[in-house]
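# Coordinate analysis (summary)
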Amino acid sequence: MGKLIIKDVEVSGKRVLMRVDYNVPMAAQNGQMVINDSTRIKETLPTLRHLIDRGAKVVLMAHLGRPEGKREASMSLRPVAVMLGEMLGLPVQFADDCIGEAVEKQVASLKNGEILLLENVRFYGEEESNDSGFSEKLAVLGDIFANDAFGAAHRAHASTVGVATVIAKRGGACCGGLLMERELQFLGDELENPERPFVVILGGAKVSDKIKVIDRLLEKADVFLIGGAMAYTFKLADGICIGKSLVEPDKTEVANAAIIKAKQKGVTFLIPTDNVIADPVDTGRKNRKGRAIFDLQNPRVNTARDIPEESEGVDIGPSTAAAFASEISKAKTILWNGPMGIFEDSRFAAGTFAVAQAVVDATKNNGAKSIIGGGDSVKALNVAGLGSEVSFMSTGGGASLEFLEGKELPGVAALGNAR
Ligand code: AMP
């Protein structure tokens, strides 16, 4: 059964306590914290406008960074309140805390259609431990609980689960916001019975992060396209020399199992036939984690089966990009998670951008539903300026992957069912 959504709940004059994902990237500038990317704030505007238009009293909860249960000035949500106000063209009040008498007073003085953003819930360690006393204190601030923070729904915290439990016990509605509704629709319903051909594109750093997603989607997909560093584990499993490429040698059996399953299910399963390679040269410098920094020199296309010992695969090659684009052009449903190469370096971004363009073309020309499963593929599409030309880009990273694995996310499970 579907989940209860805010548009099916009577909110006029009610205090709607809503969890949002305002974990935005910030940096210090002239002694002040400045928001670098406001996408997460923008994503909540439809739900907020819906609530304002219907005269709800909106109380927003969110976390920012990892303050580990302590007040940390650089992780205050105050700058978010300012930016949200600018985006809405309305005043947004800010509470200096997320629980306690002063906050309760501020909530009590809210008029219909007004918004109050609470201070970072992670200033309390009880947030992440899903403490029941802390959940009670949050829950006194709302009549209705709403959750628009899909990106935080894979964690059972007080502001995502505990508070919902308290409000539900009191008989209050617990529902998803409009963004949550879209996430559940695209990552859930649309992929349940996808229109065919259904093409899954997976890339990124590691096979191990995506084993369960691969296994589950092999049940549904017609075509699997594998790029990124992940592909080298598949190549190694096939006895191909992968030089210094990023690889998980202990996951070759998993890779083989996926290939066997694909054959059994009749899924077309493509791994790169050519690659962009480069030679890693130690710079003698170390990164913040103390690991050696390598310069990737002499980038070139490698069409041979093996990658030279001294080289590293950093992107899919042009023939692979063309083969992938050809499969994508026939798709009616596309799910993409993970870049095809080290796209952050423009020398190794061509494969990822070619796939991005093919996904956009299939969306436009074929009416394909194109679903971008969060994380770095969303970043890549935005860098390519193509973010608005796909059907849906998930706002969740880890949450999207867990959802695609078929797990029920605790923050989703805590919501009531559709009436
Ligand atoms: P993920 O979070 O698993 O989707 O991984 C994304 C990261 O994978 C990005 O930072 C890419 O730079 C990285 N990546 C993709 N392809 C490669 C590759 N061939 N070698 C090393 N890293 C890669």
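Rules of the game
- Residues numbered from 1 in each chain as written.
- Predicted model: local features only at pLDDT ≥ 70, side-chain atom pairs only at ≥ 80, totals over all residues.
- Heavy atoms only, no water.
- Near = heavy atom within 4 Å.
- Polar contact = N/O pair within 3.5 Å; in protein donor to acceptor, adjacent residues only side chain to side chain.
- Areas by Shrake-Rupley, 256 points an atom, 1.4 Å probe, with all protein chains shown as cover.
- Nonpolar A, V, L, I, M, F, W, Y, C, P; charged D, E, K, R; others polar.
- Salt bridge = Lys/Arg side-chain N within 4 Å of Asp/Glu carboxyl O.
- Buried < 20%, exposed > 50% of the residue type's maximum accessible area, 1.4 Å probe, protein only.
- Helix = DSSP H or I, 4+ residues; strand = E, 2+ residues; numbered from the N terminus.
- Patch = residues over 30% accessible without salt bridge, like charges linked within 9 Å, V, L, I, M, F, W, Y side chains within 5 Å.
- Lys, Arg positive; Asp, Glu negative; His and termini not counted.
- Charge placed at Lys NZ, Arg CZ, Asp CG, Glu CD.
- Core = buried A, V, L, I, M, F, W, Y, C linked by side-chain atoms within 4.5 Å.
- Domains from an automatic or database assignment.
- Contact = heavy atoms within 4.5 Å.
- Phe/Tyr/Trp six-rings, centres within 6.5 Å; stacked < 30°, edge-to-face > 60°.
- Expected span 1.5 Å × (residues − 1).
- Bend = angle between axes of the 7 residues up to and from the residue.
- Pairing = 2+ DSSP bridges.
- Buried area = accessible area lost by both parts, 1.4 Å probe.

## Quick look at the site of the ligand
Around the ligand sit 15 residues, and of these Ala205, Lys210, Gly313, Glu344 and Asp376 come closest. In this structure, a nitrogen atom belonging to the ligand sits 3.1 Å away from a main-chain N or O atom of Gly313. In the environment of the ligand, an oxygen atom lies 2.5 Å from a nitrogen or oxygen atom belonging to the side chain of Glu344. A total of 510 Å² of accessible area belongs to the ligand in isolation, and the protein chains cover 81% of it. Each residue belonging to the shell around the ligand can be placed in one class, and the counts come to seven nonpolar, five polar and three charged.

## Points about the pattern of salt bridges
Following the criterion strictly, the structure yields 20 salt bridges and no others. Of the charged contacts, one joins Glu128 and Arg122 as a salt bridge, the two residues approaching to 3.8 Å between their closest N and O atoms. Classification of Arg122 by relative accessible area gives buried; the value is 7%. Between Lys364 and Glu389 there is a salt bridge, with the nearest N and O atoms lying 2.9 Å from each other. Residue Lys364 is found in helix 13 (residues 350-366), and its partner Glu389 is found in the loop between helix 14 (376-383) and strand 17 (392-393); the two are separated by 25 residues along the sequence. Each of Asp215, Glu219, Lys261 and Lys265 takes part in salt bridges that share partners, so that together they form one network.

## Regarding a positive patch on the surface
Positive charge collects at one region of the surface, where Lys206, Arg288, Lys289 and Arg291 lie side by side. Note that Lys289 resides in the loop between strand 12 (275-286) and strand 13 (292-302).

## What about the nonpolar core?
The biggest cluster of nonpolar side chains holds 59 residues, and the ones touching the most others in it are Leu118, Leu138, Phe224 and Phe234. Looking at this core, you find at least three residues from each of domain 1 (6-179) and domain 2 (193-404). Setting aside anything within four residues of it in sequence, one finds Leu138 in contact with Leu17, Met61, Cys98, Ile99, Val121, Ala158, Ser159 and Val163. In terms of nonpolar packing, the next biggest core, distinct from the first, is built from 36 residues, Ile5, Ile6, Ile41 and Leu51 among them.

## What to know about the packing of aromatic side chains
Aromatic ring pairs are defined here through the distance separating the ring centres and the angle between the ring planes. For the structure shown, the criterion picks out five aromatic pairs. Look at Tyr124 and Phe134: their rings are 5.2 Å apart centre to centre, the planes differ by 35°, and that puts the pair in the tilted class. In this pair, Tyr124 is assigned in the loop between strand 6 (115-117) and helix 5 (125-128) and Phe134 in helix 6 (residues 132-139), connecting sequence segments 10 residues apart. What makes Phe134 buried here is its relative accessible area of 3%. A centroid spacing of 5.5 Å and a plane angle of 45° characterise the contact between Phe234 and Phe269, whose relative ring orientation is tilted. A residue pair is termed long-range when its members are at least 10 positions apart, and Phe234 in helix 10 (residues 230-237) and Phe269 in strand 11 (residues 268-270) qualify at 35 residues. Phe269 shares its class with Phe234; the two are buried.

## Let's talk about helix 8 (residues 178-192)
Relative to the 21 Å expected for 15 residues at 1.5 Å per residue, helix 8 spans 20 Å between its end C-alpha atoms, a close match to the ideal helical length. Along helix 8, the helix axis deviates most sharply at Gln185, where the bend reaches about 35°. When helix 8 is considered as a whole, its buried residues turn out to be Leu178, Leu179, Met180, Glu183, Leu184, Phe186, Leu187, Gly188, Glu190 and Leu191.

## Notes on the sheet that holds strand 17
Within the open sheet, the six strands sit side by side as 11-10-9-15-16-17. Their pairing is parallel. Because the sheet does not close on itself, it has two edges, and the strands there are strand 11 and strand 17. Alignment of strand 15 (residues 333-337) against strand 16 (residues 369-372), held across four bridges, turns out to be parallel. Looking at the pairing, Thr333 lines up with Lys369 of strand 16.

## Overview of the environment of Thr165
Along the chain, Thr165 turns up in helix 7 (residues 158-169). Taking C-alpha positions, Thr165 is 9.3 Å from Ser132, a pair spaced 33 residues apart along the chain. Here the side chain of Thr165 touches Val161 through a polar contact of 2.9 Å, landing on its backbone oxygen.

## A look at the domain arrangement of the protein
Frequently, the measure chosen for interface size is the accessible area that the parts lose on association. One can read the domain layout of the protein as domain 1 (6-179) and domain 2 (193-404). On a C-alpha basis, the centroid separation for the pair domain 1 and domain 2 is 35 Å. In this complex, domain 1 contributes six residues to the contact, which on the side of domain 2 involves eight residues. Here domain 1 meets domain 2 over a buried area of about 610 Å², counting both sides, of which 67% is carbon and sulfur. Taken as a group, Phe150, His154 and Leu179 account for 72% of the area that domain 1 buries against domain 2, more than any other trio of residues on that side. Put simply, domain 1 and domain 2 have zero salt bridges between them. Applying the counting criterion to the domain 1 and domain 2 interface returns zero residue pairs in polar contact (both at pLDDT 80 or more). Residue composition of the side of domain 1 that touches domain 2, by class: two nonpolar, two polar and two charged.

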